[in-house]
Amino acid sequence: MVNEDIKEKSITHQIRITGIVQGVGFRPHVYKLAVSNRLSGFVLNDATGVKIEIQGDKERVLRFERELKHNPPLRSRIDSFDIKVKDSPELYNYFSIKESESSEEKIAQISPDLDICDDCLGELFNPNDRRYLYPFINCTNCGPRFTIVKDVPYDRPLTTMNIFKMCEICQKEYDNPMNRRFHAQPNACPVCGPKVYLCNNHGKEILTGGTSGENKILFKKVSGLLKEGKIIAVKGIGGFHLACDALNEKAVSTLRKRKFREDKPFAVMFPNIKSVGLFCEISKQEKDLLESVAHPIVLLRKRNNKDVACSAAPNNHYIGAMVPYSPIHHLLFHFFSNPLIMTSGNVSDEPIVFNNSEAFRRLLKIADFFLLHDRDINIRCDDSVYRIQSGLEYPIRRSRGYVPNSIRIEWNFSEPVLACGPEQKNTFALAKGDRIYLSHHIGDLENYEVLRSLEEGVVHFKKIFDIEPTIIAYDLHPDYLSTKYAQEYPDFTESRKKVIKYGIQHHHAHAVSCMAENGINRPVIAVTLDGTGYGEDGTIWGGEVLLAEYHKFERLGYFETVQMPGGEAAIDNPWQMAVSYLYKIYGENLFKIGLPFLNSITQNEKDVVLGLLKTGFNSPMTSSCGRLFDGVAAIAGVRNRVNYEGQAAVEFEQYISQKSDFGRDKPGIAYDFYLKSNNNGFFIEWKSMIKQLVEDVKNRVRINDVSVKFHNGLAKILCKAVKRAREMTEINDIVLSGGVFMNIYLLTLLHNLLENSGFTVYTHRQVPANDGGIALGQAVIASARAGSET
């Protein structure tokens, strides 16, 4: 019975905490903190987050709340911390952790998958530990989360670990609040948990893991196969990787051929940071990013004196580097010392493979062997890709390690929204309240497999975040699969609420994605540069200066338009864009100039493209800056045809010597563009630039110098365009978005020019500037438009 004197002196607070507070050791942390302060009460998970009732001496309760708020578990994130005094509380004799509660509303946030922690890593390689060499070691501080969750709250029965019954020892760890594995939902050991298997590409099992001895034999065998140059499909946390020795040119080139991936760089996993430094230049910020909890792929500049196999990243000065983040990766490198190619387990243009049967079906002709396990992945999740720009993280692909973290913005979604995203680099988004849940990387929506991945992802997100959208946003392009998916979405929810659908202009979505992540809800000038976006006038946009607000935009300026002969075929053949730019200046005489890039083009190809330009057949008009890059790169002699999106532009940028800062040292070295006025504003004229480029090519000026002059001229004219837009609008806030701003030289130079001209410049830091961030903008615009119509 509780002492009456104690009862009078004590207070009881009910605390509700939201954020990433499930699956990160939050309840054990609360328990230890309460016990150390000699407080009673309870803590539990529910569908909104964590609920606490804390009871005891007033000073102790207040100290407990301060300590919890300011020193939460390392891998948690507190979004709200609400305290309510209970006037007539139940009296508690001790502090306990209660079973999770279910409820109708689900707002609990699920943690992304976590890299292996130092404690588990130490145990993994401790011969005296019962989890020695066990590939699925984890605790409350590490291991899979998002990819194994089926529903919330985050409890074992609602994960793919529900089929593994814990042994007596694991159960004791799981039940002990003072243990590091207390309520670690993937908790397991060699006795009761998942196992690894090594199979050949006929599906025959060669070796099975289990005990430390069996695992040692298996991973030694894998090491031997890698040394022989074999390609191994490795099942990881979010799906399969295709792995081979990154120093073995024959193995890497074989993988490239089998995967039908001609030139696009492969990611390379290095054994550790020291190994990364042998092959790549690495700054402190890049090192910190590589070793962060998310463990993304990070783009690093290659060292001049040492390289991995040539076929790993051909014609590229950078390597997509990463270090091990899961126990399986660490075990691979425990027995194999070379860096490994670790590329997504798929055929090019298909989504990453994530289950065993699908792996044999889709990777059979690529992999020689399969390293499998029997812990199911509920939702596929590809690796994230980042780089450092101006000392800060700059996302290229936001996926594993970051998803499903919500993005909190200064906007209230009064009705829940589904944004279906674009076609290239598709991600979708669900939004409610002040949060947007941007999905993992889906891929390019060019076939049924990727569309199915989008559909499955939407169903999963709707379930775990309890969002039934009544507003659907989609790209204006009528032929995108994401657009067709949106148009076929039911017109009523399950509760019979009407669903409203909005087509969103591509570049407006780019602009608003940057605005929203930077907390800007006021008119801005937006420079949006990319390859393709369906314009409101039916032409292809891609070089735009906009006056942008959430609910509307105005096109102030754009690049002078040109034909795209052959339509989308011109994207894969930059020489066709080069001919189009030249044709607008020189007409048919372009073939008499003697430009070297035309030497490899057959007469029949020239005749076909010339016929398209003359008749206008299948030659839509475009203002695309991406296509301008393609055309200029082709004329300069970089390449006539590409094997992946943006390849010509990527290689053209890399001709600039970043170390010498050639362009910044000599800012006057630039081609000339001009601003021309029209009825609606202005356009950027490029004819003078093309003429200067042609003269340089005829005079055999190095491609390095040509690239510098083009980039510098482009940055200067864009700065002038923004100044003209400021004169028209009296606005000083600028956002930069679109896939062209993956070009770090252009982004940095333009950013500096604008800031030096007195502008406040905003760029992306939370979502990619490329199409991977479009869904964020779509969601906000659709919500704003719905609000403006009511």
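Residues numbered from 1 in each chain as written. Predicted model: local features only at pLDDT ≥ 70, side-chain atom pairs only at ≥ 80, totals over all residues. Heavy atoms only, no water.

Focus on the pattern of salt bridges
Scanning all chains against the criterion turns up 40 salt bridges. Where Asp263 meets Arg639, a salt bridge forms, and the shortest distance between an N and an O atom there is 4.0 Å. Residue Asp263 is located in the loop between helix H7 (249–258) and strand S10 (267–269), and its partner Arg639 is located in the loop between helix H18 (625–636) and helix H19 (647–653); the two are separated by 376 residues in the primary sequence. Under the relative-accessibility criterion, Asp263 is labelled buried at 14%. Arg639 sits in the buried class, given a relative accessible area of 17%. (Salt bridge = Lys/Arg side-chain N within 4 Å of Asp/Glu carboxyl O. Helix = DSSP H or I, 4+ residues; strand = E, 2+ residues; numbered from the N terminus. Buried < 20%, exposed > 50% of the residue type's maximum accessible area, 1.4 Å probe, protein only.)

Things to note about the packing of helix H6 (residues 212–227) against helix H10 (residues 327–335)
In the contact formed by H6 and H10, the axes pass within 9 Å of each other and the chain directions differ by 65°. By the angle between their directions, the pair H6 and H10 is classed as roughly perpendicular. H6 and H10 meet at a crossing whose hand is right-handed. Contacts from Lys216, Phe219, Lys220, Val222, Ser223 and Lys227 of H6 reach H10 at Ile328, Leu331, Leu332 and Phe335. In terms of residue class, the contact of H6 with H10 is made up of six nonpolar, one polar and three charged. (Axes fitted to C-alpha atoms, helices over the stretch in contact; angles between N-to-C directions. Parallel < 35°, antiparallel > 145°, perpendicular 65-115°, else oblique. Left-handed = near helix turned anticlockwise from the far one by under 90°. Contact = heavy atoms within 4.5 Å. Nonpolar A, V, L, I, M, F, W, Y, C, P; charged D, E, K, R; others polar.)

Examining the sheet that holds strand S18 (residues 429–438)
The sheet built from four strands is open, its strands ordered S18-S17-S19-S20 with mixed pairing. Since the sheet does not close on itself, it has two edges, and those belong to S18 and strand S20 (500–504), each with one partner. For this sheet, the mean inter-axis angle between neighbouring strands, taken without regard to orientation, is 60°. In the sheet, strand S17 (residues 407–419) pairs with S18 via six bridges, with the strands oriented antiparallel. (Pairing = 2+ DSSP bridges.)

Let's talk about empty space enclosed by the protein
Following the criterion strictly, the structure yields four cavities of 30 Å³ or more and no others. There is about 110 Å³ of room inside the largest cavity. For the largest cavity, the lining is made up of 18 residues, of which Gly23, Val24, Gly25, Arg27 and His183 are closest to its centre. A total of three residues in the lining of the largest cavity trace back to one element, the largest contributor, which is helix H2 (residues 26–36). Partitioning the lining of the largest cavity into residue classes produces nine nonpolar, seven polar and two charged. What lines the second largest cavity is a set of 14 residues, among which Ile137, Gly143, Pro144, Ile237 and Pro327 lie closest to the centre. Residue composition of the lining of the second largest cavity, by class: ten nonpolar, two polar and two charged. (1 Å grid on protein atoms, 1.4 Å probe; cavity = no way out; pocket = protein on both sides within 12 Å on 5 of 7 lines; lining within 4 Å. Points joined across faces, edges and corners; volume = space filled by probe spheres on them.)

What about the layout of surface pockets?
Here the second largest pocket defines a volume of roughly 500 Å³. Lining the second largest pocket are 24 residues, and of these Arg77, Pro112, Gly401, Tyr402 and Asn405 lie nearest its centre. Among the residues forming the lining of the second largest pocket, the class breakdown is eight nonpolar, seven polar and nine charged.

Concerning helix H21 (residues 687–698)
With twelve residues, H21 ought to run about 16 Å at 1.5 Å a step, and its terminal C-alpha atoms sit 17 Å apart, in line with that. Those residues of H21 not exposed but buried are Met689, Ile690, Leu693, Val694, Asp696 and Val697. Buried residues along H21 cover an arc of 165° about the axis, so they all sit on one side. (Expected span 1.5 Å × (residues − 1). Arc of directions from axis to C-beta.)

Examining the confidence of the model for the protein chain
Scored by pLDDT, the protein chain comes out at a mean of 94, with 96% of its residues at no less than 70. Confidence drops under a pLDDT of 50 for residues 1–6, and excluding neighbours within four residues, the segment shows two contacts in the predicted structure. (pLDDT = per-residue confidence, 0-100.)

Topic: the packing of aromatic side chains
Tallied over the entire structure, the rule returns 17 aromatic pairs. Their ring planes at 40° and their centres at 5.6 Å tell us that Phe270 and Phe279 sit as a pair that is tilted. Accessibility expressed as a relative area gives 0% for Phe270, which makes it buried. Judged by relative accessible area, which is 4%, Phe279 ranks as buried. Ring geometry for Phe652 versus Phe710: centroids 5.8 Å apart, planes at 40°, classification tilted. With Phe652 in helix H19 and Phe710 in helix H22 (residues 703–729), this residue pair connects regions lying 58 residues apart in the sequence. Each member of the pair, Phe652 together with Phe710, is buried. Joined through ring pairs, the aromatic side chains of Phe146, Phe428, Tyr437, Phe461 and Phe465 make up one cluster. In this structure, Arg256 is placed above the aromatic ring of Phe266, and the distance from its NZ or CZ to the ring centre is 4.1 Å. Over the face of the ring belonging to Phe759 we find Arg726, whose NZ or CZ atom lies 3.9 Å from the ring centre. (Phe/Tyr/Trp six-rings, centres within 6.5 Å; stacked < 30°, edge-to-face > 60°. Lys NZ or Arg CZ within 6 Å of the ring centre and 35° of its normal.)

Points about the pairing of strand S23 (residues 553–559)
Every regular strand shows the same layout, with side chains that alternate between the two sheet faces. Most of S23 is tucked away: five of the seven residues are buried. One ladder, built from five bridges, connects strand S22 (residues 540–548) with S23; its direction is antiparallel. Note that in S23 the partner of Leu547 across the bridge is Glu554. Hairpin remark: S22 followed by S23, antiparallel, with four residues in the connecting loop. Of the pairings in the sheet, the one linking S23 to strand S27 (residues 681–685) comprises three bridges and is parallel in character. Bridge pairing in S27 places Gly557 opposite Phe682.

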